[in-house]
Structure formats: C-alpha cells, structure tokens
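What the coordinates show
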Amino acid sequence: MGNRLNVAVVGLEFGAEFIPIYQRHPDAEMYAICQRTRSRLDEVGDRFGVAVRYTDFDALLADPAVDVVHINTPLQLHADQVVAALEAGKHVGCTIPMAVSVEDCERIVKAQRRTGLTYMMMETTVYSREFLFVRDLYRSGALGRLQFLRASHHQDMTGWPSYWDGMPPMYNATHAIAPTVSLGRHQIESVQALGSGAVFDRMKDAYGSPYAIESTHLRFLGTDLGAEVTRHLWAVAREYRESFDVYGAVRSFEWEQTETAGHVMHLGERPERVAVPDFADRLPEPIRAFTTGGVYGDGSEHRSFTQGGGHGGSHPHLAHALLTAVRGTGDGYPDAVTAANITCAGLLSHRSAVEGGTRIPLPEWTLGDRAAFEIPLDQAAEPPWTGQTAIVP
Ligand SMILES: NC(=O)c1ccc[n+]([C@@H]2O[C@H](COP(=O)([O-])OP(=O)(O)OC[C@H]3O[C@@H](n4cnc5c(N)ncnc54)[C@H](O)[C@@H]3O)[C@@H](O)[C@H]2O)c1
C-alpha cells in the first residue's frame, strides 16, 4: 500500500455518491470504477474524471494496484463479490445488507477471518447525524440506563429494480436493526417476529413472503434490554422514514414523525425539540461539506439533508471509517461478525414471522466476546449535560 489507498468503487448508481468523497479524502486515491454497462461506466468516469474503468469485476480484482474495494451492487451479489475480493487480497467495504442468506453471511465471516483483511458493512444509519448525536448523549450518561429501543424503516420500493419485488421486508432491515445494536455495542441473542398485512399477489411467490410489514423483537445478549423493529417495502402509506427511538431512564430521544417535524428529547415527562449537529468536525477538512451534500467532479454541488436522499450526512463518515479501518487506526464498525449479527437478525426474523412468531437464536458465530456499554440504573440520577447542542426551547 502506498501513502494513499487506491480505492475502487463497484456499482455506480448509489455507489457513485462516494466517488467525489474519495477524490477529496487525503488518504485516498479514487483509482478505479466498475460496473457492467460500458456506456454508464464511461458516463460516470467522464463526469468524475476517473481513468481506470472495468466492466468486469474479476478483472478489477486482478489489478494489483487496487487496495480497497467499495461494493455497491445489487444485494444478491454481495456475498460472492465480497468473498472474491477478500480472497484476491483486497480490503472490502460493502453496502447493506451483508448478504441475503445466513449461509452467505457465514461465508463472509470465514473469508474475513481467513484473510485477516478489513471487511466493513457500509451501514449508513450508524454514521448518521442522529445516531452520532444520540450515541454521544448515551455515552455521556445524559440518557441514563437504556430501557428500550424502537426503530423503523419505511420505504415504498415501487419503481426500484425488479430484483426487489417480493423481498421479505426483514431481508433488508439493517437500517433499522443496526442503530439498536450499535448504540451500546450490544449483540442480538434472539429474535421473535410478526408478519402483518399483505403484498400484491404478483410478488408473493418470489420469496414466498406474503407480508406488507414485518415487526421483530430483538433480545440482546447478557442484558435485559430489548428492541422492536418495523419494516415495510410495499403497499403501506407512509413517507420514507428511517428512525430510532431511544428510551432511557433519564432522557429519551424520539425521531421526528415527518421530515419537517423535528426530533424530540424527553427529560422525564418534559418534551423539547432538539437540533442535531452534523459532526463534520470529526472528518478531514476536505470532505466535511459532504455531511450536508456533495460536490461532484465537475464542481457542481448537490445538497441533501433527508434520510432518504442524504442518509443523515453519513456518506463521508462511512468512507472515512473504511479508510481508517484499512489503515489500522479505526475499528471499521460494523465489522464482519457484527454485520452478520445485524443482517442475520433480519433474515431470521422473517423465518420467525413465517413460523408464527417462534423465538430464534442467532448463530454463535455472529457473536463476539466484547462487552456492551451499559449504564446502571442507580447511576441514572441527573448526570452532567455534555450534549453538543443546545436544547431548542
Ligand atoms: N442507505 C444505503 O445504505 C443504501 C442506499 C441505496 C442503495 N443501497 C444498496 O446499494 C446496492 C445497490 O443499490 P442501487 O439502488 O444502486 O442498485 P442498482 O441496481 O440501481 O445499481 C446497481 C449497480 O451495480 C452494478 N452491477 C450489477 N452487477 C454488477 C456486476 N456483476 N459487476 C459490477 N457491477 C455490477 C450495476 O451496473 C449498477 O451500476 C444495494 O445493495 C442497496 O441495498 C444502500
């Protein structure tokens, strides 16, 4: 590896959003791009000024100059591509979910162990401004003991590529599951789920999944803390929403109901609106602007603040986390074992729903040996307020 890490971005729809970030990151060389269609490959390459271009993923992996592969292809391809990239000696960041079967998650965990290279699941929600804000508050003691967590991901996938049709909602629930796990770095011990409502008949056979909504209860390892997660993909009327509510003994955080409503912090029974900062100061200066938008290769800017469009300002944090993990100065969270715990919790929740709500334990290989960060109830008297932002009156 040279002074700068040579990054290759694979899959250039969602993936293209990361190109200008790597181009400005001081530790990265935005070296190569890859996607199947030559015309789209050239369009993106010309737009951002990336010279090295591949239509074939294996040819990209054979390029010895590539240090890091950031994969953003359809979810059914993640497992094969991640394992191939690790086996080819590349560090890997891969978008969500880790894979679409428990067996494929295990293949990635084993490949990461075998090679010792970085694998990071590029989960946007745990690098969103809201998550960073609440995590800081929790760690400072301001929330007190965690008592319950609730998260949701509502999204209507009408008009998305057809490979999504009929997918069980919990197969792509990492945006909602990950924040519940990540706040205290807990691990999911078991799941118990309910399927509700119906999807369109034409979708029911694809995965044998009939439900409009799946809702799951997560039980965490070594603690009495639990969480509930709700997910839908079709035929439910609701604005796009990724959310999590955190119920502490002292303070609770509730996600905005709609894009314009604003988040709420409860101190005891007293609710107040809160403003959430961007945490751009935690990033190298050249990529800070991407917490509120992006600057493309041609100098044009786009601004995106919403969860659906900008994923809570997470993209530069994610790119930075991947690069620091490869450098050995960051932990690349969620790592392979954690990503498997999060992803398999969704996959097994669907199984639980189909089985009428059986409680299903997570496989042992999705559990690490680290302890969660917990605050005892008797320390939950009024702690010092160390929040980064003022409570808006
Ligand atoms: N917030 C988030 O984290 C977030 C948001 C959007 C999408 N995603 C994830 O990103 C992934 C891609 O989503 P999308 O909407 O961009 O999908 P898409 O189908 O629109 O685009 C997929 C891209 O992958 C490329 N591709 C497909 N097969 C390939 C192959 N064999 N080799 C190289 N390139 C290949 C395609 O050419 C295309 O550029 C999905 O897994 C999705 O879950 C995550």
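Just above sits the structure.
Let us look at the environment of Gly268. Relative to the helices and strands, Gly268 is located in the loop between strand 13 (263-267) and strand 14 (270-274). The class for Gly268 is exposed, based on a relative accessible area of 53%. Counting along the chain gives 234 residues from Gly268 to Cys34, while the straight-line C-alpha distance between them is 52 Å.

With respect to spatial proximity, 24 residues lie near the ligand, and among them Leu12, Phe14, Gln35, Ile96 and Tyr163 are the closest. In the environment of the ligand, an oxygen atom lies 3.1 Å from a nitrogen or oxygen atom belonging to the backbone of Thr73. Between Ile96 and the ligand, the recorded distance is 2.9 Å, taken from a backbone N or O atom to an oxygen atom. Residue composition of the shell around the ligand, grouped by class: 12 nonpolar, 10 polar and 2 charged.

If you walk across this open sheet you meet the 6 strands as 3-2-1-4-5-6, and the pairing is parallel. Of all strands in the sheet, those bounded by a partner on one side alone are strand 3 (52-54) and strand 6 (119-121). If you compare each strand with its neighbour and ignore which way they point, the axes differ by 20° on average. Strand direction decides the pairing type here: strand 5 (residues 91-94) and strand 6, joined by 3 bridges, are parallel. Within strand 6, the residue paired with Cys94 across the bridge is Met121. In the packing of helix 10 (residues 314-327) onto the sheet, contacts are made with strand 1 (5-10), strand 2 (28-34), strand 4 (68-71), strand 5 and strand 6, and the angle to strand 1 comes to roughly 135°.

Here the focus is the state of the cysteines. Taken as a whole, this structure holds 0 disulfides when the rule is applied. With no disulfide partner, Cys94 has as its closest neighbouring cysteine sulfur the one in Cys105, 11 Å distant. Free of any disulfide, Cys344 has its nearest cysteine sulfur in Cys105, 3.8 Å distant. When its relative accessible area of 0% is taken as the criterion, Cys344 is described as buried.

Take the pattern of salt bridges next. One pass over the full model with this rule turns up 17 salt bridges. The salt bridge involving Arg107 is made with Asp104; its shortest N-O contact spans 3.0 Å. You can see Arg107 and its partner Asp104 sitting in helix 5 (residues 102-115), 3 residues apart, about one turn around the helix. Assessed through its relative accessible area of 34%, Arg107 is described here as partly exposed. With a shortest N-O distance of 3.0 Å, Glu272 and Arg270 are connected by a salt bridge.

This part is about unusual backbone geometry. Note that the residue after Ile96, namely Pro97, is joined by a cis bond; omega there is -10°. Structurally, Pro97 can be placed in the loop between strand 5 and helix 5. Here the residue pair Tyr333 and Pro334 is connected by a cis peptide bond, since its omega of 0° sits within 30 degrees of zero. With phi around 50°, Arg185 is a residue other than glycine that occupies positive phi space. Here Arg185 shows up in the loop between helix 7 (174-182) and strand 8 (188-196). The phi torsion at Phe279 lies on the positive side, around 60°, for a residue other than glycine.

With that out of the way, let us pick up the packing of aromatic side chains. All told, the structure shown has 11 aromatic pairs when counted by the stated rule. Centre to centre, the rings of Phe131 and Phe244 are 6.0 Å apart; their planes meet at 55°, and the pair counts as tilted. Of this pair, Phe131 sits in helix 6 (residues 129-140) while Phe244 sits in strand 11 (residues 241-248), and the two are 113 residues apart along the sequence. With relative accessibility at 4%, the residue Phe244 sits in the buried group. Ring centres of Tyr138 and Phe373 lie 5.4 Å apart, and the angle between their planes is 90°; on these two criteria the pair is classed as edge-to-face. Taken together, the positions of Tyr138 in helix 6 and Phe373 in the loop between strand 17 (359-361) and strand 18 (391-392) put the pair 235 residues apart, joining distant regions of the chain. Residue classification places Phe373 among the partly exposed residues on the basis of a relative accessible area of 28%. Taken together, Phe131, Phe133, Phe244, Phe253 and Trp255 form an aromatic cluster joined through their ring pairs.

What counts, and where the lines are drawn
- Residues numbered from 1 in each chain as written.
- Predicted model: local features only at pLDDT ≥ 70, side-chain atom pairs only at ≥ 80, totals over all residues.
- Heavy atoms only, no water.
- Helix = DSSP H or I, 4+ residues; strand = E, 2+ residues; numbered from the N terminus.
- Buried < 20%, exposed > 50% of the residue type's maximum accessible area, 1.4 Å probe, protein only.
- Near = heavy atom within 4 Å.
- Polar contact = N/O pair within 3.5 Å; in protein donor to acceptor, adjacent residues only side chain to side chain.
- Nonpolar A, V, L, I, M, F, W, Y, C, P; charged D, E, K, R; others polar.
- Pairing = 2+ DSSP bridges.
- Axes fitted to C-alpha atoms, helices over the stretch in contact; angles between N-to-C directions.
- Contact = heavy atoms within 4.5 Å.
- Disulfide = S-S within 2.5 Å.
- Salt bridge = Lys/Arg side-chain N within 4 Å of Asp/Glu carboxyl O.
- Phe/Tyr/Trp six-rings, centres within 6.5 Å; stacked < 30°, edge-to-face > 60°.

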